[in-house]
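# Per-entry structural report
One letter stands for each residue in the lines below.
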Amino acid sequence: MKSERARIVAEAAITLLAERGMRGLTHRAVDEEAGLPPGSTSNLARTRSALLELALERLAEIEGAIFEPLLGAVEHTATGTESEGSAGPVTPETLAEMAARALWAQLTVDRRRTVARYELALEATRRPELRRIYDETGQRFRTLAVAVLTAAGSPDPVRHGRQVVAYCEGVIFDAIAGAGAEPTLDDLRLGVGEMLGGMLGPPSGRL
């Protein structure tokens, strides 16, 4: 983020979005949630749109950190050089494990932030300026999905990348906003593994 103050304001906005929804997000409420003097949020983000964009930027930053091991694995596979945080080269097995753990984090550790992202997603359907930023942010993760599946040996990484993103988004929505039960980490490993097995073939077919 641009500054520590921006991070504090963005985190407070995310908390309010998750707990009170879009109607509960005001500059005054963010000041109170963040423990800042009155007017601090307005000085940093004068308009409501600017405040929403700040929250979305912070969410993208956090989610990027969650998926960083996948990026490190892609770089390892492409160059043979292991980067910090990498779990080694991409294989369907390591991909399933990392994807399952990333989903688990969004359902548990980052549940509050995930709820806030859904609030922003709905608001983006009514605000073109927020829609642009939301789509640009989402495209980064879709590009990562294509790169990961390319490294894992997918015969059609673009199509498979779209399917993986759709599956992951569906699992998260079903558990948080839908009627589904929250999956365990083992449930996620199994589900992701079965999906990737259909795309990439069973382990014996890759020997």
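Keep in mind it's a predicted model, so treat the numbers as computed, not measured. (Residues numbered from 1 in each chain as written. Predicted model: local features only at pLDDT ≥ 70, side-chain atom pairs only at ≥ 80, totals over all residues. Heavy atoms only, no water.)

## Overview of the overall build of the chain
In terms of helices and strands, the chain carries 10 helices and zero strands. Reading the chain from its N end, one meets helices and strands in the order α-α-α-α-α-α-α-α-α-α. Within the chain, the proportion of its 207 residues that are buried is 46%. A fraction of 66% describes how many contacts in the chain between residues 6 or more apart in sequence connect residues 24 or more apart. Summing over all exposed atoms, the chain offers an accessible surface of approximately 10,600 Å²; the carbon and sulfur share of this is 55%. (Helix = DSSP H or I, 4+ residues; strand = E, 2+ residues; numbered from the N terminus. Buried < 20%, exposed > 50% of the residue type's maximum accessible area, 1.4 Å probe, protein only. Contact = heavy atoms within 4.5 Å. Areas by Shrake-Rupley, 256 points an atom, 1.4 Å probe, with all protein chains shown as cover.)

## Digging into the packing of helix H4 (residues 48-66) against helix H7 (residues 111-124)
In the contact formed by H4 and H7, the axes pass within 11 Å of each other and the chain directions differ by 135°. Relative to H7, the element H4 is oriented oblique. Judged by the twist between their axes, the crossing of H4 over H7 is left-handed. Counting all contacts with H4, which are made through Leu52, Ala55, Leu56, Leu59, Ile62 and Glu63, the residues of H7 involved are Arg113, Ala116, Arg117, Leu120 and Glu123. (Axes fitted to C-alpha atoms, helices over the stretch in contact; angles between N-to-C directions. Parallel < 35°, antiparallel > 145°, perpendicular 65-115°, else oblique. Left-handed = near helix turned anticlockwise from the far one by under 90°.)

## Details of the nonpolar core
Formed by 31 residues in total, the largest nonpolar core has its most connected members in Leu95, Val164, Val192 and Leu196. Every element with two or more residues in this core is listed here: helix H6 (92-107), helix H8 (128-151), helix H9 (157-176) and helix H10 (185-200). Ranked by the residues each element gives to this core, the list is headed by H6, at nine residues. If we skip the residues at most four places from it in the chain, Val164 touches Leu149, Met195, Leu196 and Met199. Listed in part, the 27 residues of the second largest apolar core include Met22, Leu36, Ala55 and Tyr134. (Core = buried A, V, L, I, M, F, W, Y, C linked by side-chain atoms within 4.5 Å.)

## Things to note about the pattern of salt bridges
Per the counting criterion, the structure on display carries 18 salt bridges. Here Arg111 makes a salt bridge to Glu182, at a shortest N to O gap of 2.9 Å. Residue Arg111 is located in helix H7, and its partner Glu182 is located in the loop between H9 and H10; the two are separated by 71 residues in the primary sequence. Taking the relative accessible area as the measure of exposure, Arg111 reaches 29% and is therefore partly exposed. With relative accessibility at 41%, the residue Glu182 sits in the partly exposed group. The partner of Arg132 in a salt bridge is Glu136, and the shortest N-O contact between them spans 3.6 Å. (Salt bridge = Lys/Arg side-chain N within 4 Å of Asp/Glu carboxyl O.)

## Brief notes about the confidence of the model for the chain
Predicted coordinates in areas of low pLDDT are best not read in detail. On average, residues of the chain carry a pLDDT of 87, and 87% of them reach 70 or more. The weakest mean pLDDT in the chain belongs to helix H5 (residues 68-79) at 67; the strongest belongs to helix H2 (residues 27-34) at 97. (pLDDT = per-residue confidence, 0-100.)

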